[in-house]
Amino acid sequence: MSPAMGNPRLARLLAAAKAADWPAMRDELSAVSDDGERGWLIANATEVAGYEQWMPKAVADEPESGLALLVAGARQVVWAWEARTGLRAKHVSREQFQIFHERLGVAEDLLYRAAELEPGWASPWYFLQMSARGLQLGQDISRLRFEAATRRFPEHLGAHQQQLQQVCAKWGGSHDEMHAFARGSALNAPEGSALGVLVAVAHLEHWLDLDHGATDSPYMRSGRVVAELHEAADRSYRHAAYGEPVSRLGTLNTFALAFVLAGEKKAAAAAFTATGGLVTEFPWQYLDGDVPVSPYRTLRFRAGRP
């Protein structure tokens, strides 16, 4: 696994978070002008345990800092989901749900305060999408928060990924709604946009719901799915305008899994090669939540890569 995903700034943020060094984190994040990158960095950096012990002091010391509030709120969201776990609701205890909702309530307050101090930022609304889903505030509220994020940053990948989850069947949406959102977002974005990965994510979500993780899925090998995967790849990471977004490694890992399940060995092998052997937790945790690198290696071999 590669916690920093080959990103030097994220590596520095993770090191600072582990050292409880808010000034170092603040300096790194203050140097980021791209709101999509800011949200991505914070989402990954707040996976480090322990913020809840020292971040309140940073907020108290800098009460007018939207950045401090944003990081504190993002950590509360992550911490809440850690309490709930990724299990289906029927397997989550009443006590876990109580802690989950309490932490999300704190997150909502922090993130709204961040949004008030930094009205041009999409990032607070991105994390508010996550808390909305956890608090089951409904499709209308979730859609409004998604729209608030994308008004500020139209191609915010994180916001689109959260909305895709919101319209999944498992969160009260449907397969049709999910695919329409994913494909519409990808096709309406400029060529070379990072949003192409939404199509692959939607097909993986559909596959999981139908086949419970089977790796020889007729669904993924259907002509329509294969064609849509190639179309999305051509409009995103295989397009000359794609560049080097911070989400690139996650996109490559996602398409590697989607293409190998679709039986597209050449496309899968190319995606695996482009990862440089760096493994992201998503989407491999769908196959092995404990050791995501294991299915990566197994399916990379299937695709013809050693």
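For the structure, check the block above.
Residues numbered from 1 in each chain as written. Predicted model: local features only at pLDDT ≥ 70, side-chain atom pairs only at ≥ 80, totals over all residues. Heavy atoms only, no water.

Asker: So what exactly am I meant to see when it comes to the overall build of the protein here?
Answerer: In terms of helices and strands, the protein carries 16 helices and 0 strands. The C-alpha atoms of the protein give 19 Å as radius of gyration, which agrees with the globular expectation for 306 residues (19 Å, within 12%). Along the first, second and third principal axes, the C-alpha atoms of the protein reach 55 × 40 × 35 Å. Across the 306 residues that make up the protein, the buried fraction comes to 53%. A separation threshold of at least 6 residues defines the contact pool for the protein, and within that pool the share at least 24 residues apart is 64%. (Helix = DSSP H or I, 4+ residues; strand = E, 2+ residues; numbered from the N terminus. Rg over C-alpha atoms; globule rule 2.2 N^0.38 Å. Buried < 20%, exposed > 50% of the residue type's maximum accessible area, 1.4 Å probe, protein only. Contact = heavy atoms within 4.5 Å.)

Asker: Looking at this structure, how should I read a nonpolar patch on the surface?
Answerer: Residues Leu137, Ile141 and Leu144 make up a contiguous nonpolar surface patch of about 240 Å² in total accessible area. Relative to the helices and strands, Leu137 is located in the loop between helix H7 (123-134) and helix H8 (139-152). A relative accessible area of 36% places Leu137 in the partly exposed class. (Patch = residues over 30% accessible without salt bridge, like charges linked within 9 Å, V, L, I, M, F, W, Y side chains within 5 Å. Areas by Shrake-Rupley, 256 points an atom, 1.4 Å probe, with all protein chains shown as cover. Salt bridge = Lys/Arg side-chain N within 4 Å of Asp/Glu carboxyl O.)

Asker: Even after reading the chapter, I still don't get the pattern of salt bridges, so can you show me in this structure?
Answerer: Should their charged atoms come close, side chains of opposite charge can pair. Across all of its chains, the model carries 16 salt bridges by this definition. One salt bridge in this structure joins Glu108 and Arg145, with 2.6 Å as the shortest N-O distance. Linking Glu108 in helix H6 (residues 94-117) with Arg145 in helix H8, this pair joins segments that are 37 residues apart in sequence. Here Glu108 matches Arg145 in class, with each residue buried. The closest approach of N and O atoms between Glu228 and Arg183, which form a salt bridge, is 4.0 Å. Here Glu228, found in helix H12 (residues 223-235), pairs with Arg183, found in helix H10 (residues 175-188); they are 45 residues apart in sequence, far enough to count as distant. According to the relative accessible area criterion, Glu228 is buried, its value standing at 13%. You can call Arg183 partly exposed: its relative accessible area is 31%. What you see here is one network of salt bridges that share partners, running through Arg183, Arg224, Glu228 and Glu231.

Asker: What is the right way to look at the side chain of Ser131 in this model?
Answerer: As for its placement among the helices and strands, Ser131 is situated in helix H7. With relative accessibility at 0%, the residue Ser131 sits in the buried group. One polar contact links the side chain of Ser131 to the main-chain carbonyl oxygen of Leu128, over a distance of 3.0 Å. If sequence neighbours within four positions are ignored, Ser131 has contacts with Val77, Leu104, Glu108 and Arg145. (Polar contact = N/O pair within 3.5 Å; in protein donor to acceptor, adjacent residues only side chain to side chain.)

Asker: Is there a simple way to think about the packing of aromatic side chains in this case?
Answerer: The description of an aromatic ring pair rests on the distance of the ring centres and on the angle between the ring planes. A full pass over the atoms with the stated rule returns 12 aromatic pairs. Where Tyr112 meets Trp125, the ring centres are 5.7 Å apart and the plane angle is 85°; that geometry is what we call edge-to-face. One end of the pair, Tyr112, is in helix H6; the other, Trp125, is in helix H7, with 13 residues separating them in the sequence. Assessed through its relative accessible area of 15%, Trp125 is described here as buried. Taking the ring centre of Trp121 as reference, the NZ or CZ of Arg38 above it sits at 4.1 Å. For the cation-ring pair, Arg133 lies above Trp171, with the distance from its terminal atom to the ring centre recorded as 5.3 Å. (Phe/Tyr/Trp six-rings, centres within 6.5 Å; stacked < 30°, edge-to-face > 60°. Lys NZ or Arg CZ within 6 Å of the ring centre and 35° of its normal.)

Asker: So what exactly am I meant to see when it comes to the packing of helix H14 (residues 265-275) against helix H16 (residues 293-302) here?
Answerer: How two helices sit against one another is set out by the angle between their axes and by the gap between those axes. Axis separation between H14 and H16 bottoms out at 9 Å; the angle between their running directions is 135°. The orientation of H14 relative to H16 falls into the category oblique. The handedness of the crossing between H14 and H16 comes out as left-handed. Judged by residue contacts, Lys265, Phe272 and Thr275 of H14 engage Tyr296, Leu299, Arg300 and Arg302 from H16. (Axes fitted to C-alpha atoms, helices over the stretch in contact; angles between N-to-C directions. Parallel < 35°, antiparallel > 145°, perpendicular 65-115°, else oblique. Left-handed = near helix turned anticlockwise from the far one by under 90°.)

Asker: How should helix H9 (residues 157-166) be read in this particular structure?
Answerer: Think of an α-helix as turning once every 3.6 residues; residues three or four places apart then point the same way. Counting buried positions over the 10 residues of H9 gives 9, a clear majority of the element. Restricting attention to buried positions, one finds in H9 the residues Leu157, Gly158, Ala159, His160, Gln162, Gln163, Leu164, Gln165 and Gln166.

Asker: Sorry, what's going on with H8 here?
Answerer: Here H8 contains 14 residues, and its C-alpha end-to-end distance of 20 Å stays within 8% of the 20 Å for a straight helix at 1.5 Å per residue. Those residues of H8 that sit buried are Ser142, Arg145, Phe146, Ala148, Ala149 and Thr150. (Expected span 1.5 Å × (residues − 1).)

Asker: What is the right way to read the side chain of Thr254 from this model?
Answerer: Structurally, the position occupied by Thr254 is in helix H13 (residues 248-261). Here Thr254 is in contact with Val197, Ala200, Val201, Leu204, Phe282 and Pro283, once residues within four sequence places are set aside.

Asker: Looking at this model, I keep getting lost on unusual backbone geometry. Mind explaining?
Answerer: Trans peptide bonds make up most of the peptide bonds, and negative phi angles are found at most residues other than glycine. A cis amide bond links Phe282 with the next residue in sequence, Pro283, at an omega value of 10°. Secondary-structure assignment places Pro283 in helix H15 (residues 281-284). Despite not being glycine, Met5 has its phi angle at roughly 50°, a positive value. Here Met5 is to be found in the segment before helix H1 (8-18). Take Met5: its relative accessible area is 17%, and that puts it in the buried class. Despite not being glycine, Gln136 has its phi angle at roughly 55°, a positive value. Tracing the sequence through the fold places Gln136 in the loop between H7 and H8. Taking the relative accessible area as the measure of exposure, Gln136 reaches 65% and is therefore exposed.

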